Amino acid sequence: MDAEAQESFREFVGNRSSALLKTAVLLAGGDRHAAEDLLQNALIKAAGRWHRIDEPEAYVRQILYRQQISRWRLKWRRRELTVAEPPETAANPDAAPAAELRLLMRGALARLTPRQRTVLVLRYFEDLPEADVARILGCSVGTVRSTTHRSLARLRTLAPELAALGSGSADARPQPSRDFSPVEVR
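Under the annotation held in an unreviewed UniProt entry, the protein chain carries the name SigE family RNA polymerase sigma factor and is attributed to Streptomyces shaanxiensis. Regarding the protein chain, the relevant UniProt record gives this comment under Sequence similarities (unreviewed entry): "Belongs to the sigma-70 factor family. ECF subfamily."

Here's what the structure looks like:
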């Protein structure tokens, strides 16, 4: 990689890595360490082809999705559930409800199957249309629709508190949230 490409890559990583990490955390079911590994591997793959990439963020996101699909297809993967302990005192009392919501959502997403979690992240966090999700996952639009329906139903069962958030409408679907920031596990 020449000096100009290296600088371009460093600038991209500096500007976009936090947004990409948020997506990776959601794809990894809230496991920040697995998400960091997922993102690091995606960036390594992108670095090798950097001079040929037209849309870097789309390219890296595609790698993230495909790597996550490969991970949940592996038969020997370990099944672990990591749980963050909530802080003892809230630093900002106004942030407490948002933090509780993030913890609730993270816990509920972590209990979904990897495929269900991936479909919900792509549809509602990434705000992708069903056709794009189907293309990324290598399945039909009908499969995306049925998986989305089953995933939302299971999410409502696992975390009925989330349904109360959509009490203003009959359909309590999660809305895309670009400002979702997972609580860091330390």
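Time to look at the nonpolar core. General note: in soluble globular proteins, nonpolar side chains tend to be found buried as a group. Membership of the largest hydrophobic core comes to 44 residues, with the highest contact counts inside it found for Leu39, Val60, Leu64, Leu120, Leu122 and Leu155. Only α1 (3-27), α2 (32-48), α3 (56-73), α4 (96-110), α5 (114-125), α6 (130-137) and α7 (141-158) provide two or more residues apiece to this core. Here this core gets nine residues from one element, more than from any other, and that element is α1. Setting aside residues no more than four positions away along its own chain, Leu39 makes contact with Ser17, Leu20, Leu21, Val60 and Leu64.

So, on to the pattern of salt bridges. A full pass over the atoms with the stated rule returns five salt bridges. Where Arg32 meets Glu36, a salt bridge forms, and the shortest distance between an N and an O atom there is 3.3 Å. Taken together, the residues span about one helical turn, with Arg32 and Glu36 both in helix α2 at a distance of four residues. Residue classification places Arg32 among the partly exposed residues on the basis of a relative accessible area of 21%. Residue Glu36 is classed as partly exposed on the basis of its relative accessible area, which comes to 34%. The residue Glu57 makes a salt bridge to Arg61 at a minimum N-O spacing of 2.8 Å.

Inspection of α6 places Val133, Ala134, Ile136 and Leu137 among the buried residues, and these make up the whole buried set. Seen end-on, α6 carries its buried residues on one side only, within an arc spanning 165°. Immediately downstream of α6, the backbone of Gly138 shows phi near 70°, a positive value.

Our next topic: the packing of α6 against α7. Running from N to C, α6 and α7 point in directions that differ by 105°, and their axes come no closer than 8 Å. Taken together, the axes of α6 and α7 are roughly perpendicular relative to one another. For the pair α6 and α7, the contacting residues are Glu130, Ala131, Val133 and Ala134 in the first and Val141, Val144 and Arg145 in the second. A class-by-class count of the residues in the contact of α6 with α7 yields five nonpolar, no polar and two charged.

Next up on the list: the environment of Leu158. Here Leu158 is to be found in helix α7. For the pair Leu158 and Met105, spaced 53 residues apart in sequence, the C-alpha to C-alpha distance is 9.8 Å. Beyond its immediate stretch of four places on either side in the chain, Leu158 contacts Ala108, Arg111 and Leu112.

The subject of this paragraph is α7. Taking 1.5 Å of rise per residue, the 18 residues of α7 would be expected to cover 26 Å, and the 25 Å separating its terminal C-alpha atoms lies within 8% of that figure. Considered for burial, the residues of α7 that qualify are Val144, Thr147, Thr148, Ser151, Leu152 and Leu155. Seen end-on, α7 carries its buried residues on one side only, within an arc spanning 135°. Seen from the buried face of α7, the exposed residues on the opposite side, beyond 90 degrees, are His149 and Thr157.

What follows is about the packing of α5 against α7. It is at 9 Å that the axes of α5 and α7 come closest, and there the two elements cross at 100°. Put simply, α5 runs roughly perpendicular to α7. Seen from α5, the contacting residues are Arg115, Gln116, Val119, Leu120, Arg123 and Tyr124; seen from α7, they are Thr143, Val144, Thr147, Thr148, Arg150, Ser151, Leu152, Arg154 and Leu155. Looking at side-chain class alone, the contact of α5 with α7 contains six nonpolar, five polar and four charged residues.

What counts and how
Residues numbered from 1 in each chain as written. Predicted model: local features only at pLDDT ≥ 70, side-chain atom pairs only at ≥ 80, totals over all residues. Heavy atoms only, no water. UniProt positions renumbered as here; feature names shortened; annotations may be inferred. Core = buried A, V, L, I, M, F, W, Y, C linked by side-chain atoms within 4.5 Å. Buried < 20%, exposed > 50% of the residue type's maximum accessible area, 1.4 Å probe, protein only. Helix = DSSP H or I, 4+ residues; strand = E, 2+ residues; numbered from the N terminus. Contact = heavy atoms within 4.5 Å. Salt bridge = Lys/Arg side-chain N within 4 Å of Asp/Glu carboxyl O. Arc of directions from axis to C-beta. Axes fitted to C-alpha atoms, helices over the stretch in contact; angles between N-to-C directions. Parallel < 35°, antiparallel > 145°, perpendicular 65-115°, else oblique. Nonpolar A, V, L, I, M, F, W, Y, C, P; charged D, E, K, R; others polar. Expected span 1.5 Å × (residues − 1).

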